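Below, each chain spelled out in residue letters.
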Amino acid sequence: MKNLMLRTALVLVALVFSMQSESLAQCNTTISMFPSSKYVVRYKNTGGGNSWWVGNVSNAIGRHDKENGINPNSNEDIFRTAQHYNFSGILPSNAQVTNATLIVTISGFASGSYNARIVTYPAGTLFSNNEQTWTNVGSGSVYFDNLNYNSTNGTPKTSATLTSAVQNALSSCHINIGILSLNEGANNTYAQITMRLDVTYVPKVQITVNNSFGGGLVKVDGSNVTSGTTLTWNCGSSHVIESFNQTWNHQTYNTLNTWTNTTTGEDFNQNPLTITATSNATYRANFGSSVNITVSNSFGG
């Protein structure tokens, strides 16, 4: 009997976990974003010192002598790229980011034996100062390292660090990313790099709970809230709502132990009720009222 009860309990736990996993899978939303980006090149000016120039080609890394666009005699043209991903109107600011992935392609190189690095870049406006942009790319913390030119073709790259960075950037609606070649000190390490940022997130949903008599309290996850309260939860999360007998405006109301999802019209003959928040909805606790009636005889007895 004990083994049977244990097996039954394990089956129920597995069923609940499976239902929660399915709900989360239904709620997961993935969006793809392409950046606005430019390269910045450091080159030797005619005086022999370093200068910096922003070109029109959007994504370039590595060294490519005499290709800086200004001084054709320069022999130390080193390219770096900075990218700007704008979330505004695309990614909800209150979302829970579960995964961030960069789809990376490196092309246009003379030799595939070189490697690239993808790094963090400070928030703010890119290219307000070309030298600072070039320096910022070189000093960023590493997201992904040793990306071989020859084997990086549409390769998805994901990490907890990048996912956390996207989550933290939701309030500012953008994130910047830098790219450089690890072999930029050698000539002919030039390459073109393109990236796409895929973000998977769980949106928020709003659930309103109220009583059929229009007032009073509702218990949500063990705490009382005012009837008519709207709660914001992660899509796919589970919560317990409960109605109870109460007096409001000098009137006693008795719970019928039933609930109605007034958004869908679905009725539930149970109380407390466990719900999974997958879309905006309103849940109504159904009540009956108690009326006190006094009767008397005309002769007073």
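Residues numbered from 1 in each chain as written. Predicted model: local features only at pLDDT ≥ 70, side-chain atom pairs only at ≥ 80, totals over all residues. Heavy atoms only, no water.

## A few points about the state of the cysteines
Between two cysteines, a covalent bond joining their sulfur atoms is known as a disulfide.
Then, number 1: A full pass over the atoms with the stated rule returns one disulfide.
Then, number 2: Between Cys27 and Cys235 runs a disulfide, and the two sulfur atoms are separated by 1.9 Å. Negative torsions about the S-S bond denote left-handed disulfides, and the value of about -65° found for Cys27 with Cys235 makes this one left-handed. Separated by 208 residues along the polypeptide, Cys27 in helix 1 (residues 2-27) and Cys235 in the loop between strand 15 (229-234) and strand 16 (238-242) bring together distant segments of the chain. Grouping residues by exposure puts Cys27 and Cys235 together as buried. (Disulfide = S-S within 2.5 Å. Helix = DSSP H or I, 4+ residues; strand = E, 2+ residues; numbered from the N terminus. Buried < 20%, exposed > 50% of the residue type's maximum accessible area, 1.4 Å probe, protein only.)

## Let's talk about the sheet that holds strand 14 (residues 223-226)
Within a beta sheet, neighbouring strands are joined by backbone hydrogen bonds and run either parallel or antiparallel to one another.
Then, number 1: Taken in spatial order, the four strands line up as 14-13-16-20 in an open sheet, and their pairing is antiparallel. Edge positions in the open sheet fall to strand 14 and strand 20 (273-276), since each of these has one partner strand only. Recorded for the sheet is a direction-independent mean angle of 35° between the axes of neighbouring strands.
Then, number 2: Inspection of the sheet shows strand 13 (residues 217-220) paired to strand 14 by four bridges, in the antiparallel sense. Along strand 14, the bridge assignment pairs Lys219 with Asn224. (Pairing = 2+ DSSP bridges. Axes fitted to C-alpha atoms, helices over the stretch in contact; angles between N-to-C directions.)

## Examining the pairing of strand 16
Then, number 1: On strand 16, burial follows the alternation: His239 and Ile241 on one face are buried, whereas Ser238, Val240 and Glu242 on the facing-out side are not.
Then, number 2: When strand 13 meets strand 16, the two strands line up antiparallel, connected through two bridges. Directly across from Lys219, in strand 16, lies its bridge partner Glu242.
Then, number 3: For strand 16 and strand 20, the ladder comprises four bridges, and the chain directions are antiparallel. Bridge pairing in strand 20 places Ile241 opposite Leu273.

## A few points about the packing of aromatic side chains
Then, number 1: For the coordinates displayed, the defined rule picks out nine aromatic pairs.
Then, number 2: Relative to Tyr149, the ring of Phe109 has its centre 5.7 Å away and its plane inclined at 45°; by these criteria the two rings are tilted. Of this pair, Phe109 sits in the loop between strand 6 (96-107) and strand 7 (115-121) while Tyr149 sits in the loop between strand 8 (142-148) and strand 9 (153-158), and the two are 40 residues apart along the sequence.
Then, number 3: With relative accessibility at 25%, the residue Phe109 sits in the partly exposed group.
Then, number 4: Seen from their ring centres, Phe268 and Tyr283 are 6.2 Å apart, and the 40° between their planes marks the pair as tilted. Note that Phe268 is positioned in strand 19 (residues 266-268) and Tyr283 in strand 21 (residues 281-290), a separation of 15 residues in sequence. Exposure class is identical for Phe268 and Tyr283. Each is buried.
Then, number 5: Among the aromatic residues, those joined into a ring-pair cluster are Tyr39, Trp53, Phe79 and Tyr190.
Then, number 6: A cation sits over an aromatic face here: Arg80 above Trp134, 3.5 Å from the ring centre.
Then, number 7: When the ring centre of Phe244 is taken as origin, the NZ or CZ atom of Lys219, which lies over that ring, is 5.9 Å away. (Phe/Tyr/Trp six-rings, centres within 6.5 Å; stacked < 30°, edge-to-face > 60°. Lys NZ or Arg CZ within 6 Å of the ring centre and 35° of its normal.)

Don't take any of this as a statement about function, it's just geometry.
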